[in-house]
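The chain contents come next:
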Number of protein chains: 4
Amino acid sequence: MTIEAEGVAELQNAELEMTPELAELYRDFDAHHLAPLWTQTSDVLTFHPRSEAVPFVWRWRDLYPLAERSGELVPVGRGGERRAIALANPGLRGAPYASPTIWAAIQYLGPRETAPEHRHAQNAFRFVVEGEGVWTVVNGDPVAMRRGDFLLTPGWNFHGHHNDTDHPMAWIDGLDVPLSDYIDVGFFEYGTERVTDEASPDVSRSERLWAYPGLRPLSALDDRVSSPLSAYRWEHTDRALTAQLELEDEGHPATVEQGHAAIRYVNPTTGGDVMPTLRAEFHRLRSGALTPERHEVGSSVWQVFDGRGTFVVGGVRHALEKGDLVVVPSWIPWSIEAKSEFDLFRFNDGPVIERLGFARTLVSRS
Amino acid sequence: MTIEAEGVAELQNAELEMTPELAELYRDFDAHHLAPLWTQTSDVLTFHPRSEAVPFVWRWRDLYPLAERSGELVPVGRGGERRAIALANPGLRGAPYASPTIWAAIQYLGPRETAPEHRHAQNAFRFVVEGEGVWTVVNGDPVAMRRGDFLLTPGWNFHGHHNDTDHPMAWIDGLDVPLSDYIDVGFFEYGTERVTDEASPDVSRSERLWAYPGLRPLSALDDRVSSPLSAYRWEHTDRALTAQLELEDEGHPATVEQGHAAIRYVNPTTGGDVMPTLRAEFHRLRSGALTPERHEVGSSVWQVFDGRGTFVVGGVRHALEKGDLVVVPSWIPWSIEAKSEFDLFRFNDGPVIERLGFARTLVSRS
Amino acid sequence: MTIEAEGVAELQNAELEMTPELAELYRDFDAHHLAPLWTQTSDVLTFHPRSEAVPFVWRWRDLYPLAERSGELVPVGRGGERRAIALANPGLRGAPYASPTIWAAIQYLGPRETAPEHRHAQNAFRFVVEGEGVWTVVNGDPVAMRRGDFLLTPGWNFHGHHNDTDHPMAWIDGLDVPLSDYIDVGFFEYGTERVTDEASPDVSRSERLWAYPGLRPLSALDDRVSSPLSAYRWEHTDRALTAQLELEDEGHPATVEQGHAAIRYVNPTTGGDVMPTLRAEFHRLRSGALTPERHEVGSSVWQVFDGRGTFVVGGVRHALEKGDLVVVPSWIPWSIEAKSEFDLFRFNDGPVIERLGFARTLVSRS
Amino acid sequence: MTIEAEGVAELQNAELEMTPELAELYRDFDAHHLAPLWTQTSDVLTFHPRSEAVPFVWRWRDLYPLAERSGELVPVGRGGERRAIALANPGLRGAPYASPTIWAAIQYLGPRETAPEHRHAQNAFRFVVEGEGVWTVVNGDPVAMRRGDFLLTPGWNFHGHHNDTDHPMAWIDGLDVPLSDYIDVGFFEYGTERVTDEASPDVSRSERLWAYPGLRPLSALDDRVSSPLSAYRWEHTDRALTAQLELEDEGHPATVEQGHAAIRYVNPTTGGDVMPTLRAEFHRLRSGALTPERHEVGSSVWQVFDGRGTFVVGGVRHALEKGDLVVVPSWIPWSIEAKSEFDLFRFNDGPVIERLGFARTLVSRS
């Protein structure tokens, strides 16, 4: 459904003259843990989504040095669990949340360090904007992490990370922690102190079983709620985007819109999103491409992977470079302008919004 | 998945000695809108759901008189929109929410009053514990409201209410407002000041098209996200529950467990829940029946429709009577003991929990 | 997809001069159990469906007396299993099939007779155009059969019938036997000689559990391949059709087209067809109503339930009365003209055609 | 559901003494195009599937020379359409069908020849057991055909083939023609005499859009009834099977059973079968591996791709070599014994059987 964005108007509350009787009624409401709608209509209902979260940009040139300093000062291990530093949306009053539904953090692992194993109901992924040398071990399967890779840890899978090299590595974590905390669905269990398999293979067992286009193991025909494929490798993403732009050049439908290639990471057992609460995509714009302004229900986080461009969000222009992160709250308009070939990773709460029937998009072509 | 409930243990945070360098790091985190996980692990992750919402009981003998007094002091109309008084869970710091996902309110309409039309993305229903005489007009279709009826207003349908009699009427509203506010998906539009159809038919057009067991209009074969049936009448609910208990007496499988009959209200186009965010059920226990203790992920509100019994929630026993409401937050154990034949209406966020892949239940048979 | 009907043109075969070498090649094909496409293209491929089945009408005034005579001459019991007389499409070379996918028969049970229990993988239903007094016992659940009722026996359910009265009764059986025979999926088991429950209740246990609009037993939340509801009663069908025509009179969308009300019988656990291979519907036309000409992929059988009208099939007009049956093969155009209020039961292979991705319809409005 | 195989017993017909009255009744049945069930029960119903199709083996050493001779004697072109020679199951009375649901043929294209474009509702695929040099052009997209590739032409896509080389090429075609003919769903249209794109790229546009593990173009998020991926390349199949056997060696679950690796070709938009009526798989057995005996509802065709082994079907042992084809009718037991590493392509009507609710398998471990 396409809906016209509203202005700043607010719904009205009832306008009542305060009488002694009314004051007593309100006191009695309080005493009985009740709240009248008519004094709060404008808080509870809005003409369109008006998130407390605000659009915000975090710079990689700030983030990475802070992660490095944490590496020097803060050990990683049981208690604390992860050396992860979360994006805290300035609108969300100090909560360590990028948006009401999304946790996003930079995680840092020093040379030869191990983040111990645990599992939780919350769904998680990693995305690597630079570096390599860490293996994330998911249910005992070591998964190499390299620049451009997108790596999954769906809910209730044991996982730990270990750095098999003499240099540090950092990456981005995305989780549904704010949503799962809000709706009270979290479970947690400690696992082993060290990862259960310290091997460092190039390719995980998950990929050896699942990473073939259109082929499914006959031993695994039941559909999975979350993708059984733990790693989506950069070489495939890059080739897919390159091919879309070439097909566009050859005159065939392939891109989202002129000069804008994009893929969604999907669960090969269903063709749908990789996890029930998180969607992930990769976008590539040709130099000079400009996307129309979009309003979308639900919140997104973008990270620049390569190139330079301008991200316009809520009417404000931000020049972005490699590693920079920007959060787009629900229904805040956004567009992108590429100054060079411009590669961006995106994740959002799209599956939540769609599964609950709330999806709307408004595309304004200028 | 069945999971053993954990004790009161909390996850550990990292224990670090505060040094000047660490203090400076933390100040720099603040300055850049960042938050370290290791100091907050125990807030963000828990061994099992630990809702801020608390179990709580609201008494009909308190609610109804407060609604009556509101009827005298507060007009209903544009601005305010509804004379609805919401259950405000004492754990949720003043928010007008029964739980993090559920809005529940008593709504009151005086003789000949009209609540004006509007529509919103949020999903709503009504349940009538006593009285009659109001018609809720859903997209122009007048739907009579009578004791025991369950009535739908799925998202983005225009709706208003009008009292066609000389006596007041009150009922319960249930909405997904807390969730939709939290995830920022709300849209709203004003409609007409009066209802668009002031007729007062016994049966709505929606029922005339849809309220037949196993029959579907050939003119409406596309599935609907929400049920096209606006009213689920008490006579059917009552007959279904009566039949389940009779079948049990005759030795046939029909009830949830010994002495415990129950139905779920469903969307006839899919057989699934009536709306994407809200589930509703009706339960009948024989006198003397006792349910096992259950932990469930997700929060519920129960309202006694008839009879007397004890609701045990979080280890505390509450004797309940007609109209009393009790909220059960996520993973708080509950059981019911019937002192007479005991009829209860229940609604919860089950579809949200299931669609997002977080459902777990633990049944403890003593 | 709507496709224009083609004329009588046939695809061409290759035109080859027969040489000794070619003759030898064809002999060698035969010897090796091979068949060249190029000599058979026009048999194997057609511009549009060209069924061997032909449109045909069976008259109730012929059928019922033949069934009565069978009642006198042929016992019912183990071996033979049923006193059922099948419609044998004249185009299908003697096979006892109404169409390539549908078995349709009149079944007759004399006073106090019993048809013994058995079960088969094939799906079956009964429809009653007149009479009452027989109970079909489905997995031990006695289901009364009365005029206008539609009754299910999905695959692999034990079932038998017994006549509890001193008068005979006849009804229509519909099965997927031709299809299941063709694709080799049939299984069969004998059951008891007499029905396992000789009670004659007005309402079956299946209905007591399931026959409520929009209510589902909490004890049966798993979806079923076939409907768990064994009986769809005439009173509901009649009321649904009456309401559709009244709603049309009041100016609301409800009917398929002007003067043409219709319902589909559905599985309450899914909202879809009652069984995976058979669809059933009931149509009511106002006196004077005329449907547009339709071509549909898949074959149907219609039975007049009440009233008088003209059924035009393949360009030929047939005046039909109560009980008359007409088969419409795939892609043969049909339309109906009502001479009075005209009630018709219809069943077809729609779920097969749709599940296998072959559905097309062409509606020609004159 | 696992069902024990029955012996050769047949259902009984009714045993009636022929009287003049009964003879007259039967004559009247004939005259009215009716057929009594009681004389035909044993034809119509069977204890288990008893296909008219028989197990049969076609040898590549016979097929290929006959295809070559056809290449000399029979032109390819409009009229005839394809130089395809179909497997005609000896049990099916001369019909050019491998089984009641499956058409399988060897198709042969001489140097520089073109098979003209057409389209049909029937679904088709190609599998290449040897050779290369032909491009199949699917809706204008040229798709190279090479040894080990599995290539799709779902229903209603225009397609033609052209040989871009100076040597002939042969391959296997699989279609659902027998089923679609039987249920009367076929449509056909001629296309151009020559292929619409005579380019000979290594990689089709379809693959450039879709052949990436777990990546989906954002421009194509709607699910497709049939796979949008036109070519499943041997290199991926081979790597997937190799990996399964290596994982088995390393002690991880990956294979169907000890020494038996297998993949199913799937539609990347759903994870399900590539087309609504046809399933395709590739199996690799280690030398010495032996599969348990299986009864399956539905019919299959196997083709040896590489290696040597024994195929036991219906109790008869057949030594098979590269290119040999064997058909397994419904419910006929089969097993495979590998004399070397043994690679087999398999296709069957699995999606039909499953979508219609008739699937059963019986695995007998010795």
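Criteria and cut-off values
Residues numbered from 1 in each chain as written. Chains lettered and ligands numbered in written order. Predicted model: local features only at pLDDT ≥ 70, side-chain atom pairs only at ≥ 80, totals over all residues. Heavy atoms only, no water. Helix = DSSP H or I, 4+ residues; strand = E, 2+ residues; numbered from the N terminus. Buried < 20%, exposed > 50% of the residue type's maximum accessible area, 1.4 Å probe, protein only. Areas by Shrake-Rupley, 256 points an atom, 1.4 Å probe, with all protein chains shown as cover. Axes fitted to C-alpha atoms, helices over the stretch in contact; angles between N-to-C directions. Parallel < 35°, antiparallel > 145°, perpendicular 65-115°, else oblique. Left-handed = near helix turned anticlockwise from the far one by under 90°. Contact = heavy atoms within 4.5 Å. Nonpolar A, V, L, I, M, F, W, Y, C, P; charged D, E, K, R; others polar. Buried area = accessible area lost by both parts, 1.4 Å probe. Salt bridge = Lys/Arg side-chain N within 4 Å of Asp/Glu carboxyl O. UniProt positions renumbered as here; feature names shortened; annotations may be inferred. Pairing = 2+ DSSP bridges. Least-squares fit on C-alpha atoms with pLDDT ≥ 70 in both. Polar contact = N/O pair within 3.5 Å; in protein donor to acceptor, adjacent residues only side chain to side chain. Domains from an automatic or database assignment.

### Brief notes about the overall build of chain A
Here's step 1: A tally of helices and strands in chain A yields seven helices and 24 strands.
Here's step 2: Overall, chain A is about 75 × 55 × 45 Å in size when its C-alpha atoms are taken along their principal axes.
Here's step 3: The buried share of chain A, taken over its 366 residues, is 66%.
Here's step 4: As displayed, chain A offers around 12400 Å² of accessible surface, 47% of which is attributable to carbon and sulfur atoms.

### A closer look at the packing of helix α1 (residues 20-31) of chain C against helix α3 (residues 60-73) of chain D
Here's step 1: Contact pair α1(C) / α3(D): the axes reach a minimum separation of 11 Å and the direction vectors enclose 155°. Regarding the angle of α1(C) to α3(D), the classification is roughly antiparallel. Note on packing geometry: the crossing formed by α1(C) with α3(D) is left-handed. Residues C:Glu21, C:Leu22, C:Glu24, C:Leu25, C:Asp28 and C:Phe29 of α1(C) pack against D:Leu66, D:Arg69, D:Ser70 and D:Leu73 of α3(D).
Here's step 2: Of the residues contributing to the contact of α1(C) with α3(D), the split by class is five nonpolar, one polar and four charged.

### Here we look at the interface of chain C and chain B
Here's step 1: Counting residues at the interface gives 40 residues for chain C, matched by 40 residues for chain B.
Here's step 2: With both chains or domains summed, chain C and chain B bury close to 3400 Å², and 65% of this area falls on carbon and sulfur atoms.
Here's step 3: Its largest share of buried area at the contact with chain B, chain C owes to C:Arg208, C:Pro213 and C:Leu218, together 20% of the area lost on that side.
Here's step 4: In this structure, the salt-bridge partner of B:Arg208 is C:Glu250, at a minimum N-O distance of 2.7 Å.
Here's step 5: Secondary structure elements with two or more residues in the side of chain C that touches chain B: α5 (205-210), β13 (215-217), α6 (234-249), β15 (260-265) and β16 (279-285) of chain C.
Here's step 6: At eight residues, α6(C) tops the list of elements feeding residues into the side of chain C that touches chain B.

### Let's talk about the UniProt feature "domain: Cupin type-2" (unreviewed entry) in chain A
All names here are of chain A.
Here's step 1: Summarizing the sequence annotation, UniProt attributes the feature "domain: Cupin type-2" (unreviewed entry) to residues 107-173 and 291-341 in the numbering used throughout.
Here's step 2: Helix and strand shares over residues 107-173 are 0% and 61% respectively, and the end C-alpha atoms of the span are 7 Å apart.
Here's step 3: Secondary structure over residues 291-341 splits into 0% helix and 59% strand, and the C-alpha atoms at its two ends are 14 Å apart.

### Here we look at the pairing of strand β6 (residues 124-127) of chain A
Residues and elements named next belong to chain A.
Here's step 1: Across the two faces of β6 the burial is the same, with Ala124 and Arg126 and Phe125 and Phe127 all buried.
Here's step 2: Bridge count between β6 and strand β9 (residues 150-153): four bridges; the pairing is antiparallel. Bridging from a neighbouring strand, Arg126 pairs with Leu151 of β9.
Here's step 3: As paired strands, β6 and strand β11 (residues 169-175) are joined by four bridges and run antiparallel to one another. Considered in β11, the bridge of Phe125 is made with Gly174.

### Some words on the relation of the copies chain C and chain B
Here's step 1: With an RMSD of 0.0 Å, chain C superimposes on chain B once it is rotated by 180° and translated 0.0 Å along the axis. Look at the turn and shift together and you get a two-fold axis relating the two.
Here's step 2: Taken together, the interface assignments show that 100% of the residues at the interface of chain C recur at the interface of chain B, consistent with an identical surface on both copies.

### Observations concerning the side chain of C:Arg264
Here's step 1: Mapping C:Arg264 onto the fold places it in strand β15.
Here's step 2: A polar contact is formed between the side chain of C:Arg264 and the side chain of C:Glu281, at a distance of 3.0 Å.
Here's step 3: Excluding its chain neighbours within four sequence positions, the residues that come into contact with C:Arg264 are B:Gly214, B:Leu215, B:Arg216, B:Leu218, B:Leu221, C:Asp273, C:Arg279, C:Ala280 and C:Glu281.

### Describing the sheet that holds strand β3 (residues 84-87) of chain B
Sheet strands associate in pairs through backbone hydrogen bonding, adopting either a parallel or an antiparallel arrangement.
Here's step 1: Pairing in this open sheet of seven strands is antiparallel, and the strands run β1(A)-β3(B)-β4(B)-β11(B)-β6(B)-β9(B)-β14(B) from one edge to the other. A strand with exactly one partner marks an edge of an open sheet, and here the two such strands are β1 (34-36) of chain A together with β14 (231-232) of chain B.
Here's step 2: With three bridges joining them, β3(B) and strand β4 (residues 103-109) of chain B adopt antiparallel strand pairing. Residue B:Ala86 lies in a different strand from β4(B), and its bridge partner there is B:Ala105.
Here's step 3: The sheet contacts of helix α3 (residues 60-73) of chain B involve β1 of chain A together with β3, β4 and β11 (169-175) of chain B, and relative to β4(B) the element is tilted by about 50°.

### A word on the domain arrangement of chain A
Residues and elements named next belong to chain A.
Here's step 1: Split into domains, chain A comes out as domain 1 (56-210) and domain 2 (234-364).
Here's step 2: Computed over C-alpha atoms only, the centres of domain 1 and domain 2 are separated by 22 Å.
Here's step 3: Between domain 1 and domain 2, the contact holds 34 residues from the first and 32 residues from the second.
Here's step 4: Three residues stand out in domain 1 for area buried against domain 2, namely Phe127, Arg147 and Phe150, and they jointly supply 20% of the buried area on that side.
Here's step 5: Across the domain 1-domain 2 interface, the total number found is three salt bridges.
Here's step 6: A salt bridge links Asp306 to Arg147; the nearest nitrogen and oxygen atoms lie 3.1 Å apart.
Here's step 7: On inspection of domain 1 and its partner domain 2, the count reaches 14 residue pairs in polar contact (both at pLDDT 80 or more).
Here's step 8: Here the residues of the side of domain 1 that touches domain 2 are counted per class, giving 22 nonpolar, seven polar and five charged.

### Observations concerning the interface of chain C and chain D
Size of an interface: often given as the accessible area lost when the parts come together.
Here's step 1: In this assembly, 90 residues from chain C lie in contact with 90 residues from chain D.
Here's step 2: Both faces combined, the contact of chain C with chain D buries some 7700 Å², and carbon together with sulfur accounts for 69% of it.
Here's step 3: Scanning the region where chain C abuts chain D turns up two salt bridges.
Here's step 4: With its nearest N and O atoms 2.7 Å apart, the salt bridge here joins C:Asp28 to D:Arg69.

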